[in-house]
Amino acid sequence: MAAAMRIMVVEDEEALTLLLRYNLEAEGYEVESVARGDEAEIRLREAPPDLVLLDWMLPGLSGIELCRRLRAREDTKRLPVIMLTARGEEAERVRGLATGADDYVVKPFSVPELLARVRSLLRRAKPEHLAARLAAGDIELDRDSHRVRRAGHDLHLGPTEFRLLEFLMQSPGRVFTREQMLDSVWGRDVYIDERTVDVHVGRLRKALNQPRQPDPIRTVRGAGYAFDETFAKS
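Bear in mind that the values here come from a model prediction, so they are computed numbers and not experimental data.

For helix 8 (residues 195-208), built from 14 residues, the straight-helix expectation of 20 Å at 1.5 Å per residue is met to within 8% by its first-to-last C-alpha distance of 20 Å. Every buried residue belonging to helix 8 is among V197, H200, V201, L204 and L208, and all of these are buried. Looking straight down helix 8, one finds that the buried residues subtend no more than 105° of arc, so they occupy a single side. Those residues of helix 8 that are exposed and aimed more than 90 degrees away from the buried face are R195 and K206.

Glancing now at the packing of aromatic side chains. Taken as a whole and judged by the stated rule, the model has two aromatic pairs. A centroid spacing of 6.3 Å and a plane angle of 80° characterise the contact between W56 and Y104, whose relative ring orientation is edge-to-face. Linking W56 in the loop between strand 3 (51-55) and helix 3 (63-72) with Y104 in strand 5 (residues 103-106), this pair joins segments that are 48 residues apart in sequence. Geometrically, the ring pair formed by F167 and F176 is tilted, given 4.4 Å between the ring centres and 50° between the ring planes. The buried category is assigned to F176, whose relative accessible area is 1%.

What follows concerns the environment of P216. For P216, the location among the structural elements is in the loop between helix 8 and strand 11 (217-220). Expressed as a C-alpha distance, the spacing of P216 and T230, which sit 14 residues apart in the sequence, is 8.5 Å.

Another aspect to go through is the pairing of strand 6 (residues 133-136). Residues in a regular strand project their side chains so that they alternate between the two faces of the sheet. Side-chain alternation along strand 6 places L134 and A136 on a buried face and R133 and A135 on a face that remains uncovered. Pairing geometry for strand 6 and strand 7 (residues 139-142), over four bridges, is antiparallel. The residue bridging A135 from the neighbouring strand is E140, located in strand 7.

Turning our eyes to something else, we now look at unusual backbone geometry. Note: most peptide bonds trans; most residues except glycine with negative phi. Omega for the bond connecting K107 with P108 falls within 30 degrees of zero, at -10°, which places this linkage in the cis form. By the element assignment, P108 lies in the loop between strand 5 and helix 5 (111-125). Here H146, not a glycine, exhibits a phi torsion of approximately 55°, which is positive. With respect to the helices, strands and loops of the structure, H146 is situated in the loop between strand 7 and strand 8 (147-150). Judged by its relative accessible area of 54%, H146 falls in the exposed class. A positive phi angle is found at A151, which is not glycine, with a value near 55°. Topologically, A151 is positioned in the loop between strand 8 and strand 9 (153-155).

Rules used in this analysis
- Here the residue numbers are simple positions, counted from 1 along each chain's written sequence.
- Residue-level local features of this predicted model are given only where pLDDT is at least 70; pairs of side-chain atoms are given and counted only at 80 or more, and the full residue set underlies all totals for whole chains, interfaces and linings.
- Calculation of side-chain values draws on the structure's entire complement of heavy atoms; hydrogens and water are dropped beforehand.
- Helix and strand assignments follow DSSP, with helices taken as H or I runs no shorter than four residues and strands as E runs no shorter than two, numbered in order from the N terminus.
- In a helix, the anticipated span is given by 1.5 Å times the number of residues less one.
- Under the scheme applied here, a residue whose accessible area is under 20% of the maximum for its type counts as buried, over 50% as exposed, and between as partly exposed, the area being computed with a 1.4 Å probe on protein chains only.
- Our arc is simply the arc of the directions from the helix axis toward the C-beta atoms.
- A pair of Phe, Tyr and Trp rings is counted when the ring centres sit within 6.5 Å of each other, with Trp represented by its six-membered ring. The angle between the planes then sorts it: under 30 degrees is stacked, over 60 is edge-to-face, the rest tilted.
- Following DSSP output, two strands are said to pair if at least two bridges run between them.

Structure representation (structure tokens):
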């Protein structure tokens, strides 16, 4: 990311707020937390963030009403909103989305899944905040032209391998599970076996690595894969 993006967490459960703050800040986001819906409305008028994680049930003003008001205002009508709620019934989910929420997460939820949804939504809503070019070691990835070069030579990657390399290069050294990679690269609405990740990682390695070149993709037994941070600093 070219600059830290700001996320507002509107949640009155202190333990959950701390959990979200910890994980979001670990991802490099700036986080502001507000416990009341009416206070959040004031802060959103003063300084709109890049994305809002919004609890359905809040003191002062409900999350569903706050979302409706945000969509009615010109300066926040396109602000990305993810609703957090214990309501899992289909009718309630439809109501939340109909009010203007971009996504809907039912408690209790998987933190890695929520982070993947945050990244995906920001990527769609704020493409200008993403650096056009990623570079590590002798590998360069250009998002605008969809080109990858290593040691000055163009590499030929398929669309999935390109997205996979882009995803890993955004967080050098961080280990991602196969499930996280499926959610972020393929999308959570598509059912694909986790072994598919191994197949595409193999294809990516074959495209990236020539004889005597170090492999930038590290396999972490029992966990997943990472873009090797030692390679990134070489």
